[in-house]
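# Working through the structure, step by step
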Amino acid sequence: RPAGAHPPVLASGSGSNGSEYSLYDFSKITTLVPFEPLNRWIGNGPSYAGYGKVYCEAHRHGAKVLAWNQPGPNGTACPTTQIYQWWRQTDPRMYNESAVTEWAAATAACIPAAGFDGVFFDAEFTPPGAKGRAAVTMAVCKLKEALQRTLPGAPVWFAVGAGAIVFDFAAMSEGEERCV
């Protein structure tokens, strides 16, 4: 791909029954972000049986699979979105560097163990003011730092629509933190 080009992303979303992956052109897809929890489809009958296979198919073609809030290919659920609860509830732990570091370490240890290759954040809420955005930046940077120890080169990606009000992209990519 040309220098500076963004990789194509496949986001598997609501309404999918899991069989559509056979139509995906994995020669163009570099990253899969499943938005449906894998365990939602397990045990719901044969029409949903293919959903979990998309993880394996993506990896077979060299595509990365990023965690959001779903269990991984092996059924392990990571605490990735626990931080969302803190942010939404203005839980004091979101401002506590030790608590955030602990969350980041647990998430970073879980990501490769669950079969994921990185993390995707899709947050659709507004953190409380500048202090809240700074807490979000700290959490993302702590996670990226921890991921570099457990899975070097692991991407941390964002939904930029609603995420623009939650994530301070400039601080994380160009600012003092420069963590993503």
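Residues numbered from 1 in each chain as written. Predicted model: local features only at pLDDT ≥ 70, side-chain atom pairs only at ≥ 80, totals over all residues. Heavy atoms only, no water.

Glancing now at the overall build of the chain. A count of helices and strands for the chain gives seven helices and five strands. When the helices and strands of the chain are placed in sequence order, the string is β-β-α-α-β-α-α-β-α-β-α-α. Out of the 180 residues in the chain, the part that is buried amounts to 44%. Pairs at least 24 apart in sequence give 69% of the contacts found in the chain among residues at least 6 apart. (Helix = DSSP H or I, 4+ residues; strand = E, 2+ residues; numbered from the N terminus. Buried < 20%, exposed > 50% of the residue type's maximum accessible area, 1.4 Å probe, protein only. Contact = heavy atoms within 4.5 Å.)

Quick look at the side chain of K144 now. As for its placement among the helices and strands, K144 is situated in helix α5 (residues 129–150). Look at K144: it is buried, it has no salt bridge, and the nearest opposite charge is E145 at 12 Å. Apart from the residues lying within four places of it in its own chain, the contact partners of K144 are A154, P155, V156 and C179. (Lys, Arg positive; Asp, Glu negative; His and termini not counted. Salt bridge = Lys/Arg side-chain N within 4 Å of Asp/Glu carboxyl O.)

Per the stated rule, a full pass over the model turns up one disulfide. The disulfide that involves C78 links it to C110, with 2.2 Å between the sulfurs. When the S-S torsion is -85°, as for the bridge of C78 with C110, the disulfide is left-handed. Of the two residues, C78 sits in the loop between β3 (64–67) and α3 (82–88) while C110 sits in helix α4 (residues 97–114), which places them 32 residues apart along the sequence. In this structure, C78 and C110 share a single accessibility class: buried. (Disulfide = S-S within 2.5 Å.)

So, on to the environment of A146. Within the secondary structure, A146 sits in helix α5. On a C-alpha basis, the gap between A146 and A105 in space is 5.6 Å, while along the polypeptide they are 41 residues apart. With residues up to four places along the chain from it excluded, the contact list for A146 reads A104, A105 and A108.

Here the focus is the packing of aromatic side chains. Within the structure shown, the criterion is met by two aromatic pairs. Aromatic side chains Y84 and F121 sit 6.1 Å apart centroid to centroid with 40° between the ring planes, which places their arrangement in the tilted category. Of this pair, Y84 sits in helix α3 while F121 sits in strand β4 (residues 118–121), and the two are 37 residues apart along the sequence. The exposure class assigned to Y84 is buried, which follows from its relative accessible area of 4%. (Phe/Tyr/Trp six-rings, centres within 6.5 Å; stacked < 30°, edge-to-face > 60°.)

Attention now goes to the confidence of the model for the chain. Parts of the model with low pLDDT should not have their predicted coordinates read in detail. Residues at a pLDDT of 70 or more form 70% of the chain, whose mean pLDDT is 77. Looking at the elements of the chain, mean pLDDT is at its lowest for helix α1 (residues 38–41), recorded as 49, and at its highest for α4, recorded as 95. pLDDT under 50 marks residues 39–49. Its contacts with residues more than four places away, or in other chains, come to eight contacts. (pLDDT = per-residue confidence, 0-100.)

What follows covers the nonpolar core. By size, the foremost hydrophobic cluster in this structure holds 48 residues, and its most contacted members are I83, W103, F121 and F167. Elements with a minimum of two residues in this core: β2 (31–34), α2 (53–60), β3, α3, α4, β4, α5 and β5 (156–158). Ranked by residue count, the leading element in this core is α5, at nine residues. (Core = buried A, V, L, I, M, F, W, Y, C linked by side-chain atoms within 4.5 Å.)

Throughout the structure, instances matching the rule amount to five salt bridges. Residues E57 and R60 are paired through a salt bridge, measuring 2.8 Å at the closest nitrogen-oxygen approach. With E57 and R60 both in helix α2 and three residues apart, the pair spans about one turn of that helix. Here R60 falls in the exposed class, since its relative accessible area comes to 59%. Residues R149 and E145 are paired through a salt bridge, measuring 3.6 Å at the closest nitrogen-oxygen approach. Here E145 and R149 lie together in helix α5, a separation of four residues that amounts to about one turn. Look at E145 and you get partly exposed, because its relative accessible area is 44%.

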